[in-house]
Amino acid sequence: MARPRPEPVQMVKQRRDAALRALVDGVPYIRFLNISFDRRGDELTGVLHFDDKLIGNPFLPAIHGGVTAAFLEVTAVITLSWEHMFASIESGEIDAEAIVTDKSIRFPKTIDFTVDYLRSGLPRDAYARAFISRSGRRYASVRVEAWQDNHAKLFAQASGHFLMPQPPMDKN
Amino acid sequence: MVDKTVLARQFIEAIPHARALNLTLTHIGEGEAEITLPYNEDLIGDPRTGVIHGGAISTILDTCCGAAVMSHPSAPGGTATIDLRIDYMRAATPGQTITARATCYHITRNVAFVRATAVDNDNDLPVATAAGSFTVEGN
């Protein structure tokens, strides 16, 4: 059996980047915090671009704890949505551009989220990566880590539970 | 302890991110605080429904918990979050102001324990609840 010819690299990149852009740019709050995502294959890294309006303690100064929690939660939800939809995006079942406008596409909902503040967030860019510990039909468990200058020195970590979108009733 | 109440209010209102979200401290004192977050389209988490993102709810709850700690009679000064857990009960109704109420129910020399609730116009069914521990600084 002959292996199908692999797609040209630019097609693969274009499709994946368009899907990720639609997923992220469609959410006003992600734009408000100025969070973007770096993609290597299916691996995502959240980037929180520092701005003075993110400061929570003007005397240190340090990033607001709420912003840190929001950054970790956004990274968890986007990573979970991305992994959940990746196969359908690859197969063309989900139109990359229509991810946010298509009402039939649903996103995971946060049930609970717990943040450990390990050190204060310095006034500079921060990075975060989410690890899906388990993703079942209904619930998912996700762990997230955030760091700044040194990946080995996390400034926050979190874990949370999410309700996965339920598939629409089967037409058959 | 009027001075500390004034100090706490000034402290909260000097926070750049609290200003960015238009947070208002509506009550503070004796280990309790109340903060409001007006509805703002920039904070939408789901563009199809207009529901506010959970991250904004985290921010108001975290700020409110910190304010409650600072207002506690036994708290000598500043505080920082050690850990905060948030449970999301339901989506906030689009267009409505979120009100967070926090109580610092126990404080030691080093740690303050806080609970908080966030509601919209429906006071009976919270949007989210929070439980956290905070540092006690300045002693």
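Nothing here was measured: the structure is a model prediction, and the numbers come from that model.

Each value, and the rule that gives it
- Residues numbered from 1 in each chain as written.
- Chains lettered and ligands numbered in written order.
- Predicted model: local features only at pLDDT ≥ 70, side-chain atom pairs only at ≥ 80, totals over all residues.
- Heavy atoms only, no water.
- Contact = heavy atoms within 4.5 Å.
- Buried area = accessible area lost by both parts, 1.4 Å probe.
- Salt bridge = Lys/Arg side-chain N within 4 Å of Asp/Glu carboxyl O.
- Polar contact = N/O pair within 3.5 Å; in protein donor to acceptor, adjacent residues only side chain to side chain.
- Helix = DSSP H or I, 4+ residues; strand = E, 2+ residues; numbered from the N terminus.
- Nonpolar A, V, L, I, M, F, W, Y, C, P; charged D, E, K, R; others polar.
- Pairing = 2+ DSSP bridges.
- Buried < 20%, exposed > 50% of the residue type's maximum accessible area, 1.4 Å probe, protein only.

*Asks:* Sorry if this is basic, but what is going on with the interface of chain B and chain A here?
*Replies:* Interfaces are frequently sized by the accessible area removed from exposure as the parts join. Opposite the 30 residues of chain B that make contact, chain A presents 37 residues. Taking both sides of the interface into account, the surface hidden between chain B and chain A amounts to around 2,600 Å²; carbon and sulfur atoms contribute 58%. Counting the contacts that link chain B with chain A gives one salt bridge. Note that R85 of chain B is salt-bridged to D112 of chain A, the shortest N-O span being 3.6 Å. If you look at where chain B meets chain A, you find 14 residue pairs in polar contact (both at pLDDT 80 or more). Of all elements in the fold, only α2 (16-20), β3 (44-46), α3 (54-71) and β5 (81-88) of chain B reach the threshold of two or more residues within the side of chain B that touches chain A. Among the residues making up the side of chain B that touches chain A, the classes are represented as 14 nonpolar, nine polar and seven charged. Pairing of strand β5 (residues 109-117) of chain A with β5 of chain B involves five bridges; the strand directions are antiparallel. Following the sheet pairing, V115 of chain A is matched in β5 of chain B by L84 of chain B.

*Asks:* So what exactly am I meant to see when it comes to unusual backbone geometry here?
*Replies:* Backbone geometry follows two general trends: most residues other than glycine have a negative phi, and most peptide bonds adopt the trans configuration. In the segment running from L60 of chain A into P61 of chain A, the intervening peptide bond is cis, with an omega of -15 degrees. Summarising the element assignment, P61 of chain A is placed in the loop between β3 (55-57) and β4 (62-63). Here the phi dihedral of N34 of chain A falls at roughly 60 degrees; this positive angle occurs in a residue that is not glycine. The residue E30 of chain B is not glycine, and still its phi comes out positive at about 55 degrees. Mapped onto the elements of the fold, E30 of chain B is located in the loop between β1 (24-29) and β2 (32-37). The class of E30 of chain B is exposed, set by a relative accessible area of 60%.

*Asks:* Which parts of the structure should I look at to understand the environment of L61 of chain B?
*Replies:* All names here are of chain B. Mapping L61 onto the fold places it in helix α3. Given the relative accessible area of 0%, L61 is considered buried. Considered as a pair, L61 and P94 are 33 residues apart in the sequence and their alpha carbons are 18 Å apart. Not counting the four nearest positions on each side in its chain, L61 is found in contact with I86, A100, A116, T117, A118, A128 and A130.

*Asks:* Quick question: what am I supposed to make of the pairing of strand β2 (residues 43-48) of chain A here?
*Replies:* On a regular strand, one side chain projects to one face of the sheet and the next to the other, so that they alternate. Residue and element names in this part refer to chain A. Burial analysis of β2 places five of its six residues in the buried class, the great majority of the element. Pairing analysis gives six bridges linking strand β1 (residues 35-40) to β2, with the strands arranged antiparallel. Across the sheet, I35 pairs through a bridge with L48, a residue of β2. Hairpin connection of β1 to β2: two residues between the antiparallel strands, including G41 at a positive phi of 65 degrees. Alignment of β2 against strand β6 (residues 126-135), held across three bridges, turns out to be antiparallel.

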